[in-house]
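# Examination of the molecular architecture
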Amino acid sequence: MTEKTITRAQLGEAVYQEVGLSRNESADLLEAVLDEIAEALGRGETVKISSFGSFSVRSKGQRIGRNPKTGEEVPILPRRVLVFRPSQLLKKQINDGRAGGSGSK
């Protein structure tokens, strides 16, 4: 399976093709949506996109980790991490091979 990365430009082009706005308007719309998602997550809110999934921010506490090279214990500082949970529909599409690959060669 070959990996492919979808860029903002490609997403903007997809909006242009589907919605019929100008390319600039499509790019602006995409940026506005992404900005709103990022701002909501920054405020600690959950973002749910129907039939796609939900994004949320989770706080992780401080813990002790281990340097794999030296075995030395090092503290891992508290931090916030982004979590994505796909919807059941998206999981089904991926597993049916409609939204990606099967993973086998």
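- Where an unreviewed UniProt entry is consulted, the protein chain appears under the name Integration host factor subunit alpha, with the organism given as Magnetospirillum fulvum MGU-K5.
- Under the UniProt heading Sequence similarities (unreviewed entry), the note attached to the protein chain is "Belongs to the bacterial histone-like protein family."
- UniProt's Function (unreviewed entry) comment on the protein chain is quoted here verbatim: "This protein is one of the two subunits of integration host factor, a specific DNA-binding protein that functions in genetic recombination as well as in transcriptional and translational control."

## Some thoughts on helix 1 (residues 8–19)
- The terminal C-alpha atoms of helix 1 lie 16 Å apart, and with 12 residues this matches the ideal 16 Å at 1.5 Å per residue to within 8%.
- Gly20 sits one or two positions beyond helix 1 and adopts a positive phi of about 90°.

## What to know about the nonpolar core
- By size, the foremost hydrophobic cluster in this structure holds five residues: Ile37, Ala40, Leu41, Val47 and Phe55.
- Counting residues per element, this core draws most heavily on helix 2 (residues 23–42), which supplies three residues.
- Setting aside residues no more than four positions away along its own chain, Ile37 makes contact with Val47 and Ile49.

## Some words on the environment of Glu31
- Structurally, the position occupied by Glu31 is in helix 2.
- Of the residues examined, Glu31 reaches a relative accessible area of 28% and is grouped as partly exposed.

Thresholds applied
- Residues numbered from 1 in each chain as written.
- Predicted model: local features only at pLDDT ≥ 70, side-chain atom pairs only at ≥ 80, totals over all residues.
- Heavy atoms only, no water.
- UniProt positions renumbered as here; feature names shortened; annotations may be inferred.
- Helix = DSSP H or I, 4+ residues; strand = E, 2+ residues; numbered from the N terminus.
- Expected span 1.5 Å × (residues − 1).
- Core = buried A, V, L, I, M, F, W, Y, C linked by side-chain atoms within 4.5 Å.
- Buried < 20%, exposed > 50% of the residue type's maximum accessible area, 1.4 Å probe, protein only.
- Contact = heavy atoms within 4.5 Å.

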